[in-house]
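Descriptive structure summary
Given next are the chains, with one letter for each unit.
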Amino acid sequence: MTVAALTRWLAERLAPAAGEDARFEARLMAAEALDVRPNELPGLRDEAAPAAARERAEEMLRRRLLGEPLQYILGEWEFMGLPFLVGPEALIPRPDTEILCERALLLAKARGYRTALDLCCGTGCIGVSLARRGGLAVTCADLSAGCAALTRRNAEKNGVALAAICCGDLFAPLRGQRFDLICCNPPYLSDGDMAQLQRELTFEPALALHGGADGLAFYRRIAAEYAAHLNPGGALLLEIGSTQAEQAQALFRKTQLFYDYAGNPRVVLVEET
Ligand code: GLN
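Residues numbered from 1 in each chain as written. Predicted model: local features only at pLDDT ≥ 70, side-chain atom pairs only at ≥ 80, totals over all residues. Heavy atoms only, no water.

**Comments concerning the site of the ligand**
Short version of the rule: Put simply, a residue is near a molecule or strand once any heavy atom of it comes within 4 Å of that molecule or strand. As used in this structure description, the phrase polar contact means that two N or O atoms lie within 3.5 Å; if the pair is within protein, one of them must be able to donate a hydrogen and the other to accept it, and residues adjacent in sequence are counted only when both atoms belong to side chains. Computed by Shrake-Rupley with a 1.4 Å probe, the accessible areas treat only the displayed protein chains as cover when residues are assessed. For this classification, the nonpolar set comprises Ala, Val, Leu, Ile, Met, Phe, Trp, Tyr, Cys and Pro, the charged set comprises Asp, Glu, Lys and Arg, and every other residue, Gly included, is treated as polar.
Every residue lining the ligand is accounted for by L91, T97, C120, C121, G122, C125, I126, N185, P186, P187 and A208. Between a nitrogen atom of the ligand and a main-chain N or O atom of C120, the distance comes to 2.9 Å. C121 places a polar main-chain atom, nitrogen or oxygen, 3.3 Å from a nitrogen atom of the ligand. In the complex, 97% of the free accessible area of the ligand, which totals 300 Å², lies under the protein chains. Split by residue class, the shell around the ligand holds eight nonpolar, three polar and no charged.

**Thoughts on the sheet that holds strand β5 (residues 164-167)**
For clarity, the cut-off: In this scheme, strands are said to pair when DSSP sees at least two bridges between them. Segments assigned H or I by DSSP are reported as helices when at least four residues long, segments assigned E as strands when at least two residues long, and all are numbered from the N terminus. Angles run from 0 to 180 degrees between N-to-C directions of axes, and those axes are lines fitted to C-alpha atoms, restricted for helices to the stretch in contact. Contacts between residues were defined by any pair of non-hydrogen atoms, one from each residue, lying within 4.5 Å.
Taken together, seven strands build an open sheet; the order of strands is β5-β4-β3-β6-β7-β9-β8 and the sheet is mixed. The outermost strands of the open sheet, each flanked by one partner alone, are β5 and β8 (255-259). Across the sheet, the axes of successive neighbouring strands diverge by a mean angle of 20 degrees, strand direction being ignored. With five bridges connecting them, strand β7 (residues 230-239) and strand β9 (residues 265-271) associate as antiparallel partners. If you follow A235 over to β9, its bridge partner there is E271. Each of β6 (179-184), β7, β8 and β9 touches helix α6 (residues 95-111); the most contacted strand, β7, lies at about 165 degrees to it.

**Let's talk about helix α2 (residues 22-34)**
As a reminder of what qualifies: To estimate the expected span of a helix, subtract one from its residue number and multiply by 1.5 Å. Think of it in three bands: residues with accessible area under 20% of the maximum for their type are buried, residues over 50% are exposed, and the middle band is partly exposed, with areas taken using a 1.4 Å probe on protein chains only.
Over its 13 residues, α2 runs 18 Å from end to end, which matches the ideal 18 Å to within 8%, given 1.5 Å per residue. Looking only at α2, the buried set comprises A22, E25, A26, L28, M29, A30, A31, A33 and L34. The inward-facing, buried residues of α2 abut α1 (3-18), α3 (41-44), α4 (51-65), α5 (70-74) and β1 (76-79). D35 lies just past α2 and shows a positive phi near 65 degrees.

**Points about the packing of aromatic side chains**
Heads up, the rule is: Note on ring pairs: Phe, Tyr and Trp rings are taken, using the six-membered ring of Trp, and paired if centres are within 6.5 Å. Classes follow the plane angle, with under 30 degrees stacked, over 60 edge-to-face and the rest tilted.
The final tally for this structure, using the stated rule, is two aromatic pairs. Centroid distance F79 to F84: 6.1 Å. Interplanar angle 80 degrees. Geometry classified as edge-to-face. Across this residue pair, the class does not change: F79 and F84 are buried. When the ring of Y226 is compared with that of F252, the centres are 5.5 Å apart and the planes differ by 70 degrees; the resulting orientation is edge-to-face.

**Things to note about the side chain of H229**
Topologically, H229 is positioned in the loop between α11 (217-225) and β7. Ignoring sequence-local partners within four residues, the contact set of H229 consists of F171, L174, R175, G176, Q177, R178, F179 and I182.

**Some points on the packing of α2 against α4**
Threshold: For classification purposes, angles smaller than 35 degrees are called roughly parallel, those larger than 145 roughly antiparallel, those between 65 and 115 roughly perpendicular, and all remaining angles oblique. A clockwise turn of the near helix away from the far one marks a right-handed crossing, whereas an anticlockwise turn of less than a right angle marks a left-handed crossing.
Contact geometry for α2 and α4: axes closest at 8 Å, N-to-C directions at 135 degrees. Classified by the interaxial angle, the pair formed by α2 and α4 is oblique. Note on packing geometry: the crossing formed by α2 with α4 is right-handed. Where α2 abuts α4, its residues E25, M29, E32, A33 and L34 lie against A53, R56, A57, M60, L61 and R64.

**Focus on the pattern of salt bridges**
Definition in use: By salt bridge we mean one thing: a side-chain nitrogen of Lys or Arg within 4 Å of a carboxyl oxygen of Asp or Glu.
The final tally for this structure, using the stated rule, is twelve salt bridges. The shortest N-O distance in the salt bridge between R56 and E32 comes to 3.6 Å. With R56 in helix α4 and E32 in helix α2, the pair connects residues that are 24 residues apart, well separated along the chain. Residue classification places R56 among the partly exposed positions, given a relative accessible area of 36%. The shortest N-O distance in the salt bridge between R94 and E204 comes to 2.5 Å. You can see R94 sitting in the loop between β2 (82-85) and α6 and its partner E204 sitting in the loop between α9 (191-195) and α10 (206-209), a full 110 residues away along the chain. Using a relative accessible area of 26% as the deciding quantity, one classes R94 as partly exposed.

Nothing here speaks to function; it is all geometry.
Given below as structure tokens:
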């Protein structure tokens, strides 16, 4: 079987699980199975795929057809143009969250921010990106020890030294610490959302998804606690669910809203003053 045939076979078999993404996913899977970069595939089209690569591809396909997200199967995913290790202990980094990161980098540059906190860091995708791309001194925090460990590995993978990685409930491990910028993509799905999760989402940790009965529990807690952790002139950036803008903004005094590429409200900026 040639590399082209293997990729085509994967795309056909992936169609029921991946829909219109089947060809895209097939290319990523084939490249992983062959241990090459996706952009090397065209040059290898007519080469024979080794038996070991075919077996790896079959195993990845088997997992994918059970609904597991491609990102967990590959073990690595790109965010802000940087590679991040992903695993079932943390949310998969999403393009929506890049809106928050881009805004954070713009604000940091315009205002000369030096320090940042990535609260509920998960993979560390926000904090590591801010350290790498913005040169900020970043502290990452997460309730999950598994996420703190994953963030440490992702900082190493991207060659950045984080100021600290803390493990604890929201601001609990950050007593007495203040930052120029606080970024948070908290769990924000409601009970109703959790009851009808798309199959792929059931593989992600509920801890990273569920934001209480109405999905707003973390915004309320953050609203009560963030001011004690911001420097004068600092700012808070929150990712929100597309239907939560009004309720989330109502919890804070001075806010501004930013939209994702689909035109949905996605990020709330809260000013310290
Ligand atoms: N900060 C991580 C991300 O944006 C994890 C967020 C979370 O666990 N809710 O992907």
